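Working through the structure, step by step
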Protein chains: 2
Amino acid sequence: MPNYRAELRIHLRSGVLDPAGEAVQSSLGHLGFAVDRVEVGKLLTVDLSASSPAEAEEALRRMAKELLVNPVLEDYDLEVRAR
Amino acid sequence: MPNYRAELRIHLRSGVLDPAGEAVQSSLGHLGFAVDRVEVGKLLTVDLSASSPAEAEEALRRMAKELLVNPVLEDYDLEVRAR
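In this text the structure is predicted, and so the values were computed from the model without any measurement. (Residues numbered from 1 in each chain as written. Chains lettered and ligands numbered in written order. Predicted model: local features only at pLDDT ≥ 70, side-chain atom pairs only at ≥ 80, totals over all residues. Heavy atoms only, no water.)

Let's talk about the overall build of chain A
Short version of the rule: Secondary structure elements follow DSSP: runs of H or I of four or more residues count as helices, runs of E of two or more count as strands, with numbering from the N terminus. Radius of gyration here is computed from C-alpha atoms only, and the compact-globule reference equals 2.2 Å multiplied by the residue count raised to the power 0.38. Using a 1.4 Å probe on the protein chains alone, a residue whose accessible area is under 20% of its type maximum counts as buried, one over 50% counts as exposed, and one in between counts as partly exposed. For the accessible areas, the method is Shrake-Rupley and the probe is 1.4 Å, while residue cover comes only from the protein chains on display. Positive charges come from Lys and Arg alone, negative charges from Asp and Glu alone, with His and the N- and C-terminal ends not counted. Note on charges: their place is set at NZ of Lys, CZ of Arg, CG of Asp or CD of Glu.
Within chain A, the regular secondary structure consists of 2 helices and 3 strands. The order of helices and strands in chain A, counted from the N terminus, is β-α-β-α-β. Over its C-alpha atoms chain A spans a radius of gyration of 16 Å, topping by over 25% the 12 Å that the globule rule assigns to 83 residues. C-alpha atoms of chain A, sized along the principal axes, occupy 50 × 25 × 15 Å. Counting over 83 residues, chain A shows a buried share of 39%. When the accessible surface of chain A is summed, it comes to about 4500 Å², and 53% of that surface belongs to carbon and sulfur atoms. Of the charged side chains in chain A, 10 are positive and 14 negative; the average position of the first set lies 4 Å away from that of the second.

Notes on the interface of chain A and chain B
Rules: Every residue pair with non-hydrogen atoms within 4.5 Å of one another is taken to be in contact. As used here, buried area is the combined drop in accessible area, with a 1.4 Å probe, of two parts when they are placed together. Salt bridge, as used here, is a side-chain nitrogen of Lys or Arg placed within 4 Å of a carboxyl oxygen of Asp or Glu. In protein, a polar contact requires one atom able to donate a hydrogen and another able to accept it; more generally it is a pair of N or O atoms within 3.5 Å, and residues adjacent in sequence count only if both atoms are side-chain atoms.
Listed per partner, the contact involves 33 residues of chain A and 33 residues of chain B. When the two sides are added together, the surface that chain A and chain B hide from each other amounts to roughly 2700 Å², 60% of it contributed by carbon and sulfur. The largest share of the area that chain A buries against chain B comes from A:Phe33, A:Arg37 and A:Leu43, three residues that together contribute 21% of it. The tally of links between chain A and chain B comes to 6 salt bridges. Counting across the chain A and chain B interface gives 12 residue pairs in polar contact (both at pLDDT 80 or more). Put simply, the parts of the chain that give the side of chain A that touches chain B at least two residues each are β1 (3-12), α1 (19-30), β2 (37-49) and α2 (53-68) of chain A.

Describing the environment of A:Arg37
For A:Arg37, the location among the structural elements is in strand β2. Given a relative accessible area of 31%, A:Arg37 falls into the partly exposed group. Separated by 36 residues in the primary sequence, A:Arg37 and A:Met1 have C-alpha atoms spaced 43 Å apart. Look past the residues within four positions of A:Arg37 in its chain and what remains in contact with it is A:Gln25, B:Arg5, B:Thr45, B:Val46 and B:Asp47.

Focus: the relation of the copies chain A and chain B
The line we're drawing: Superposition of the copies used a least-squares fit over C-alpha atoms from residues whose pLDDT is at least 70 in both.
For the pair chain A and chain B, the superposition axis carries a translation of 0.0 Å, the fit reaches an RMSD of 0.0 Å, and the rotation angle comes to 180°. The relationship between the two copies is best expressed as a two-fold rotation axis. Measuring from the rotation axis to each C-alpha of chain A, the shortest distance belongs to A:Lys42, at 2.3 Å. When the interface residues of chain A are mapped onto chain B, 100% of them again fall at the interface, so both copies present the same face.

Notes on the side chain of B:Asp47
If you trace the backbone, B:Asp47 turns up in strand β2 (residues 37-49). Once residues within four sequence positions are removed from consideration, B:Asp47 is found in contact with A:Val35, A:Asp36, A:Arg37, B:Tyr4, B:Arg5 and B:Arg83.

Focus on the pattern of salt bridges
This structure, assessed with the given rule, holds 20 salt bridges over all chains. Of the charged contacts, one joins A:Glu7 and B:Arg9 as a salt bridge, the two residues approaching to 2.7 Å between their closest N and O atoms. With A:Glu7 in strand β1 and B:Arg9 in strand β1 (residues 3-12), this pair bridges two chains. Side by side, A:Glu7 and B:Arg9 carry an identical accessibility label, which is buried. Between B:Arg37 and A:Asp47 there is a salt bridge, with its nearest N and O atoms 3.2 Å apart. Taken together, the residues span two chains, with B:Arg37 in strand β2 and A:Asp47 in strand β2.

Thoughts on the packing of α2(A) against helix α1 (residues 19-30) of chain B
Rules: Here the axes come from fitting lines to C-alpha atoms, over the contacting stretch only for helices, and the angles between their N-to-C directions go from 0 to 180 degrees. Angles below 35 degrees are treated as roughly parallel, those above 145 as roughly antiparallel, those between 65 and 115 as roughly perpendicular, and all remaining angles as oblique. Each residue is assigned to one of three groups, with Ala, Val, Leu, Ile, Met, Phe, Trp, Tyr, Cys and Pro labelled nonpolar, Asp, Glu, Lys and Arg labelled charged, and all others, Gly among them, labelled polar.
Viewed as axis vectors pointing N to C, α2(A) and α1(B) meet at an angle of 100°, and their least axial separation amounts to 11 Å. For the element pair α2(A) / α1(B), the angle class is roughly perpendicular. Residue-level contacts link A:Met63, A:Leu67 and A:Leu68 of α2(A) to B:Val24, B:Ser27 and B:Leu28 of α1(B). In terms of residue class, the contact of α2(A) with α1(B) is built from 5 nonpolar, 1 polar and no charged.

Written as structure tokens, this is what we have:
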């Protein structure tokens with residue numbers, strides 16, 4: 001089966017507090033970098049085999065639903081490419 | 001000044017142990033998802049004002065160097081766009 005690399009970019013949903021992002025923004029401010037906002041998200045890279053890109057994407061969406069993403073707090077987008 | 005949104009995608013350097021990735025891979029296996037590798041990285045989204053995209057990118061590279069990225073363990077790529 002062909003090999004794919006999927007990137008799952010996980011963001012906090014808008015309105016969800018992001019203390020890690022606020023801490024980074026504050027630290028940047030202390031170093032003299034004025035920025036308007038920082039968000040700390042997760043970037044999961046998953047290598048897998050599947051019979052097609054569509055099958056790889058479908059598998060990733062199930063993994064996201066069952067384990068990788070907390071739908072109450074997080075949202076995600078997904079990119080699958082051959083490797 | 002125009003507003004920009006920068007995305008800093010932080011990966012572990014190759015050869016650096018990734019226990020978080022291994023834990024996710026193992027949990028996926030227990031759920032019946034066989035994947036070859038999982039890497040857990042960080043996705044920082046930074047909103048800032050700058051006079052040009054090049055200036056925004058330069059500022060982000062300095063932030064990466066001074067605070068956001070640990071060059072011993074991590075590598076990153078950067079994308080800046082208008083917002």
